[in-house]
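An overview of the molecular structure
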Amino acid sequence: MSPLNETFKALSDKTRRQILKLLRAGDLTAGEIADHFDMTKPSISHHLNMLKQADLISDRRQGQNIYYTLNTSVFEGIMGWFLEFTGKQPEELEFFHDDHDSDETPQKTAKTRK
């Protein structure tokens with residue numbers, strides 16, 4: 001699968017988009033990410049792996065923890081790909097001046113085993 005296809009496949013899932021929003025604020029461990037969702041840790045791990053395959057996030061080991069980091073260069077590439085169709089620069093587009101993203105950042109919830 002092409003890198004662009006991997007990216008769009010990863011972005012097609014709401015949970016993965018919410019994980020990316022969490023990582024905007026800074027690096028997090030899988031456990032810290034899981035605290036924001038009402039799903040099992042293996043499910044979170046699956047979503048993290050999909051994001052890593054698409055190169056939207058990277059991970060690094062620090063002691064016994066693995067921290068996940070947003071890879072902004074991939075987002076810059078995606079935006080460049082979209083902007084090729086408009087012939088405009090980001091500051092010329094109304095979209096960049098408003099927050100149109102409907103996927104809210106998840107709030108901490110009590111987890112239940114499924």
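As a reminder, the structure under discussion sits directly above these lines.
Residues numbered from 1 in each chain as written. Predicted model: local features only at pLDDT ≥ 70, side-chain atom pairs only at ≥ 80, totals over all residues. Heavy atoms only, no water.

1. Digging into the pattern of salt bridges
- On inspection of all chains with the given rule, the structure shows two salt bridges.
- Across the salt bridge formed by D27 and R60, the nearest N and O atoms sit 2.9 Å from each other. Taken together, the positions of D27 in the loop between α2 (14-24) and β1 (28-29) and R60 in strand β2 (residues 57-62) put the pair 33 residues apart, joining distant regions of the chain.
- Among the residues examined, D27 registers a relative accessible area of 33% and is labelled partly exposed.
- One salt bridge connects K52 with D59, and the closest N-O pair in it is separated by 2.9 Å.
- Of the residues examined, K52 reaches a relative accessible area of 30% and is grouped as partly exposed.
- According to the relative accessible area criterion, D59 is partly exposed, its value standing at 34%. (Salt bridge = Lys/Arg side-chain N within 4 Å of Asp/Glu carboxyl O. Helix = DSSP H or I, 4+ residues; strand = E, 2+ residues; numbered from the N terminus. Buried < 20%, exposed > 50% of the residue type's maximum accessible area, 1.4 Å probe, protein only.)

2. As for the side chain of T7
- Residue position: T7 is located in helix α1 (residues 3-11).
- Residues in contact with T7, not counting those within four places in the same chain, are A54, L56, V74 and I78. (Contact = heavy atoms within 4.5 Å.)

3. Observations concerning α2
- For α2, the buried fraction is high: eight of the 11 residues fall into the buried class.
- Within α2, burial applies to T15, R16, Q18, I19, L20, K21, L22 and L23.
- The residue sitting at the N-terminus of α2 and contributing the capping side-chain oxygen is D13; that oxygen lies 2.9 Å from the backbone nitrogen of T15.
- Positive backbone phi, at 150 degrees, marks G26, one or two positions downstream of α2. (Polar contact = N/O pair within 3.5 Å; in protein donor to acceptor, adjacent residues only side chain to side chain.)

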